[in-house]
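The residues making up each chain are set out below.
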Amino acid sequence: MSFYDFERIERKWQEKWKTKNNFHGEDFSEKQKYYMLVMFPYPSGKLHMGHVRNYSIGDVIARFKRMQGYNVLHPIGFDAFGLPAENAAIKHGIPPKEWTINNMAEMEEQLKRLGFSYDWDREVKTCMPEYYKWTQWMFLQMYKNGLAYKKKSFVNWCPSCETVLANEQVVNGECERCGTKVGKKNLEQWYFKITDYAERLLNDIEKLKGWPEKVKIMQENWIGKSTGAVIDFAIEGREEKIKVFTTRPDTVFGVTYIVLAPEHPLVTQISKGTEYEQQVNDFVYKMQFVNEVDRTSADLEKEGVFTGAYAINPANGERVPILTANYVLLDYGTGAVMAVPAHDERDFEFAKKYNLPIRVVINPEGSELDPESMISAYTDDGIMCNSGQFNGMNNRKAYNKIIDYLKEKGVGDYKVNYRLRDWLISRQRYWGAPIPIVYCEKCGEVPVPEEQLPVMLPEDVVFTGKGESPLTTSETFMNTTCPKCGAKATREKDTMDTFVCSSWYFLRYTDANNDEKPFDFEKAKYWMDVDQYVGGVEHAILHLLYSRFFTKALYDFNISPVDEPFRNLLTQGMVLKDGAKMSKSKGNIVSPEEIISQYGADTARLFIMFAAPPERDLEWSDQGVEGCFRFLNRVWRLVDELAPKCRDAKQIDINTLTKDDKEMRRILHSVVKKVTEDINDRFNFNTAISATMELVNALYQYKEKDNAKIEIIAEALEKLILILAPFVPHITEELWEMMGKTGSVHEQMWPNYDIEALKQDEIEIVVQVNGKLRGKVLVPAEANQDEVLSIVKNDEKIKQILEEKQIIKEIVVPGKLVNLVVK
RNA sequence: GCGGGCGUGGCGGAAUUGGCAGACGCGCUAGACUUAGGAUCUAGUGCCCAGUGCGUGGGGGUUCAAGUCCCUCCGCCCGCACCA
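Parameters and conventions
- Residues numbered from 1 in each chain as written.
- Chains lettered and ligands numbered in written order.
- Predicted model: local features only at pLDDT ≥ 70, side-chain atom pairs only at ≥ 80, totals over all residues.
- Heavy atoms only, no water.
- UniProt positions renumbered as here; feature names shortened; annotations may be inferred.
- Helix = DSSP H or I, 4+ residues; strand = E, 2+ residues; numbered from the N terminus.
- Buried < 20%, exposed > 50% of the residue type's maximum accessible area, 1.4 Å probe, protein only.
- Contact = heavy atoms within 4.5 Å.
- Lys, Arg positive; Asp, Glu negative; His and termini not counted.
- Charge placed at Lys NZ, Arg CZ, Asp CG, Glu CD.
- Pairing = 2+ DSSP bridges.
- Axes fitted to C-alpha atoms, helices over the stretch in contact; angles between N-to-C directions.
- Parallel < 35°, antiparallel > 145°, perpendicular 65-115°, else oblique.
- Left-handed = near helix turned anticlockwise from the far one by under 90°.
- Nonpolar A, V, L, I, M, F, W, Y, C, P; charged D, E, K, R; others polar.

The name given to chain A in an unreviewed UniProt entry is Leucine--tRNA ligase, and the organism recorded there is Thermobrachium celere DSM 8682. What the UniProt record of chain A gives under Subcellular location (unreviewed entry) is the line "Cytoplasm". Recorded under Catalytic activity (unreviewed entry), the UniProt text for chain A is reproduced unchanged: "tRNA(Leu) + L-leucine + ATP = L-leucyl-tRNA(Leu) + AMP + diphosphate".

Structure (structure tokens):
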């Protein structure tokens, strides 16, 4: 008798896997490819349970597909640039590179101890020059194709850290690092023109059949397409016009005022010299200090002031006042709104507050609205009025006619607007890929030629956490010569957003060690697209949308062979403890290392796959882990006891099987069937594991029977080990060896099930009377409906129930149920 | 406010196409083995007033049959939120 020494076993097999590298994805193999991708981690120092869950799911799928005969690509790497490394430098004086490299080494160690079957030869680390050289190359392709540009704009600014922040680093209007309220600053920054792809990114969501509905809807909302018109309003006494975007051009005759965003450049111009100049300036000044969260919140009290200027409504020539108000945003549409209080809730609320006129231009069919008594805007359809030649028309019909009319007059046009903004990729940070641009005294902005890449990150920088990008402290970096003319030049001081690095890493995996190109087109063509992507839902917008954009852009440049990167997406749920997300502040963290040392990686993996289906949140349970450990011990003892006898088991002779033998085989083969389907069709790993537990329970029963046959046991143990292999890769290798088998269990074919073995001689039929369960009968498997009914009616118990009752209806569900409706 | 998801024993969860509600695991109860057990094995375990009873958040409906379909209400979670 031996005991389940998980520590020895896991070490032993991890050693063997390391030397053999049997998890290699083979380029251009004849076998069908399967690209199994998990979201690569940020090297924060240690893996957390969320990682373990993510990667366990990925590994089970990868191992399962391998056993099914696929040529599997299952890579891993690190999203290694980012702010925490710089914080460590500021706080502890450790260079970001050193900090990151140490963390990556530690996390690699952890990944290996969990037994994940990665193709380590393809490991990618985005902070290494071998990688970021190509990130810079990507930037140049974007630049060459007009998709990278510089513009001055209002960006998030943390006054305490003195740096620009990405939207994702602004949490509830506060800087995630220091908690300071984030303001706005007008800065010149680099952008990628993702808005050029808005329509395709939206339309192609349709292609993403294997994505969760939720993620698709989130992307749709993020892109935020709306159709309508732009209409030009002339300003009285000025040359400039105010362009407004509206989704309701049909209400243009109802405009009673115009509103500009406080940041709109025209605001100060048109109020200049009027008696309202001071109040406008005060208002604009005040608005600068309202953070974006409050500013865009629907509960914000609407405020505004008159600018002193008037606009002319091009539809009816009417003179309407121009106001500026906090409810209009500069960066949506044109930053100006035509206000129709009668038919827009926000305009209505504002007009009521400031006593602005309300004019009805659409009446509900069969009634007339009275502006005086209205308590809310009328936003539904109806019949046009007060609208000149459009009166009497249905507003839907008038919609296009009005745009056509304005277009003819040269004061309007059809317009599609998106909420999606261009992607700000500049970061005033050190630990990122430098933007490969040089500023020459003579030539101006010059891209670094491809053959001069990478633009290396310098190491002689000073980290203060204050001021500009730390890169400016490196003179060797900043001072350079112009690649065009050789004159004195300085380098771009900003680095790229780390989301740029992660927007193409899945392509790099297909050819990770290429030092001539980011990746070979043919290799990418062989492997792409990703068959299954697994990761947290927190990336639903940013990473997944950026990656889709990158893939489409690269496709257009003939660099990527596909225009959508991820065929199927699985968003795994969070790992919770005591009903809450694990966090330091709550003190409810369970560390993977603790679990591995106490129970082993196999138990950790098994529990995490068993406790909940993958998309759902998972409640951590120490007792649940204990239960999985017990199960593995149960399997161990079973094989330990029986494997020696199985070695000389003979072939199963179908003709000599007893009822018990047949039942054992029926359970075995139905479990193999269920596990196969649960993994393959539904990713229901939890039910796959519970079926395997049932098989083990059945084997414990069967082996105690006097007439138990060792060949039946041998067949069952062999298949049991095989179906467990993707979940618990170490113990199954050991058990496979104990069974006297040669070769790795992970190189075996996934077991088949025998349809013959699933067949039963007798089937249990549920008997209902008036829909209520009243008994069960055994019927021969081949019995027809009449035979089943007669067996049912002759059953003693049923007979009693049916006494003095009249059967009105008989329902027979073959192989399952009989329902007798009686009176 | 809008959009999405969820609600099943003491707990995590199962029920795939409308067909035995509660698989499997945890916990609990009893027994066996034992110097001992927090190891292992065996049996039991939705609820109750214990029967032709009740039961999948509440109420209503469709159906021979509803956790599953329809209507309605309630609660929780997530995303978006003055987007003109």
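And the narrative resumes.
S.K.: In this structure, what is going on with the overall build of chain A? I would like to understand it.
M.R.: Secondary structure summary: chain A contains 27 helices and 34 strands in total. Across its three principal directions, the C-alpha atoms of chain A cover 105 × 85 × 50 Å. By residue count, 53% of the 823 residues in chain A fall in the buried class. Pairs at least 24 apart in sequence give 72% of the contacts found in chain A among residues at least 6 apart. Chain A carries 106 positive and 123 negative side-chain charges, and their two centres are separated by 1 Å.

S.K.: What's the story with the environment of Gln623 in this structure? I'm lost.
M.R.: Among the secondary structure elements, Gln623 is positioned in helix 20 (residues 622-646). Overall, Gln623 belongs to the exposed group, its relative accessible area being 69%.

S.K.: What's the story with the sheet that holds strand 34 (residues 817-822) in this structure? I'm lost.
M.R.: By way of backbone hydrogen bonds, the strands of a sheet pair with one another, either parallel or antiparallel. If you trace the 4 strands from one edge of the open sheet to the other, you get 32-31-34-33, paired in mixed fashion. At either margin of the open sheet sits one strand with a lone partner, and together these are strand 32 (772-780) and strand 33 (807-813). Sheet twist, expressed as the average angle between the axes of neighbouring strands with direction ignored, equals 20°. Bridging between strand 31 (residues 762-769) and strand 34 involves 4 bridges; their strand directions are parallel. Looking across to strand 34, one finds that Gln768 is bridged to Asn819. Along the sheet, helix 26 (residues 785-794) contacts strand 31, strand 32, strand 33 and strand 34; its crossing angle with strand 32, the most-contacted strand, is approximately 120°.

S.K.: Just checking my understanding: could you explain unusual backbone geometry for this structure?
M.R.: For residues besides glycine, phi is generally negative; the peptide bonds are generally trans as well. A cis geometry characterises the amide bond from Leu453 onward to Pro454, with omega recorded as 0°. Secondary-structure assignment places Pro454 in the loop between strand 22 (444-447) and helix 13 (475-478). Residue Asp529 follows Met528 across a cis peptide bond; omega there is 0°. Although it is not a glycine, Asn770 sits at a positive phi angle of roughly 50°. Take Asn770: it is sitting in the loop between strand 31 and strand 32.

S.K.: In this structure, what is going on with the packing of helix 23 (residues 710-724) against helix 24 (residues 729-738)? I would like to understand it.
M.R.: How two helices pack is summed up by the angle between their axes together with the distance between the axes. Following both chains from N to C, one finds helix 23 and helix 24 inclined at 155°, their axes separated by 9 Å at the closest point. Viewed along their axes, helix 23 and helix 24 adopt a mutual orientation that is roughly antiparallel. As helix 23 packs across helix 24, the resulting crossing turns out to be left-handed. Facing Glu718, Ile721, Leu722 and Leu724 of helix 23, the residues of helix 24 in contact are Thr732, Leu735 and Trp736. Class assignment of the residues belonging to the contact of helix 23 with helix 24 gives a composition of 5 nonpolar, 1 polar and 1 charged.

S.K.: In this structure, what is going on with the environment of Glu804? I would like to understand it.
M.R.: The residue Glu804 is located in the loop between helix 27 (796-802) and strand 33 in this model. Judged by relative accessible area, which is 79%, Glu804 ranks as exposed. C-alpha separation for the pair Glu804 and Lys577, spaced 227 residues apart in sequence, amounts to 59 Å.

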